[in-house]
Amino acid sequence: MSFKRVLLCVLFIMASVIGVSASNNNDSIIIENVIDAIVYVESRGNINAVNGQCCGPMQISPGMVTACNNILKKHGSSIRYTLKDRFNLEKSKEMFRIFNKEYNPSFNMEKAIRSWNGGLGYKIASTNKYYNLVMKRYNIIRSTK
């Protein structure tokens, strides 16, 4: 693998881990607060939470693990996630960031929340309850910082 390709892979992974196209520190804080709100709504922070095929603190499906691995492969990264990684809070957060960096690069908060619940083809009506729960928690988190 060429040096240029390795460098691009490293930069992509760093951007994914640091934040989704965060233009400044405030954007990163917003993203992290959204993630924390989703963790609360999905599992109350229980890293061992299981609901059908969705697991971990962010209730990640096997399909999301595959999607993140495909994104990483597309960008030339050798990093891959396993189903077990869904039970790791930091790796779960990384998958959220990777998914949003690819499909929501300007980080539209509403799209991030609704697509986490309903997928890329989410319907507003079917994600309203989830969106409202996450936003309620997000506002609590934001007001305490």
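Cut-offs and rules
- Residues numbered from 1 in each chain as written.
- Predicted model: local features only at pLDDT ≥ 70, side-chain atom pairs only at ≥ 80, totals over all residues.
- Heavy atoms only, no water.
- Phe/Tyr/Trp six-rings, centres within 6.5 Å; stacked < 30°, edge-to-face > 60°.
- Helix = DSSP H or I, 4+ residues; strand = E, 2+ residues; numbered from the N terminus.
- Buried < 20%, exposed > 50% of the residue type's maximum accessible area, 1.4 Å probe, protein only.
- Lys NZ or Arg CZ within 6 Å of the ring centre and 35° of its normal.
- Axes fitted to C-alpha atoms, helices over the stretch in contact; angles between N-to-C directions.
- Parallel < 35°, antiparallel > 145°, perpendicular 65-115°, else oblique.
- Left-handed = near helix turned anticlockwise from the far one by under 90°.
- Contact = heavy atoms within 4.5 Å.
- Nonpolar A, V, L, I, M, F, W, Y, C, P; charged D, E, K, R; others polar.

*Asks:* Account for the packing of aromatic side chains, naming residues and giving values.
*Replies:* Describing an aromatic ring pair means giving the distance of the ring centres and the angle of the ring planes. A complete count under the given rule lists four aromatic pairs for this structure. Judged by centre distance (6.4 Å) and plane angle (70°), the rings of Phe96 and Phe107 are edge-to-face. Note that Phe96 is positioned in helix α4 (residues 89-103) and Phe107 in the loop between α4 and α5 (109-118), a separation of 11 residues in sequence. Judged by its relative accessible area of 0%, Phe96 is buried. We classify Phe107 as buried; its relative accessible area is 11%. What links up through ring pairs into an aromatic cluster is the set Phe96, Phe99, Tyr103, Phe107 and Trp116. Its end group placed over the ring of Tyr131, Arg114 keeps NZ or CZ at 4.3 Å from the ring centre.

*Asks:* Go over the packing of α5 against helix α6 (residues 124-144), please, and point to the residues and values.
*Replies:* Viewed as axis vectors pointing N to C, α5 and α6 meet at an angle of 120°, and their least axial separation amounts to 9 Å. Accordingly, the angle class assigned to the pair α5 and α6 is oblique. The crossing of α5 and α6 is right-handed. Where α5 abuts α6, its residues Met109, Glu110, Ile113, Arg114, Trp116, Asn117 and Gly118 lie against Ile124, Ser126, Thr127, Asn128, Tyr130, Tyr131, Val134, Met135 and Tyr138. By residue class, the composition of the contact of α5 with α6 is nine nonpolar, five polar and two charged.

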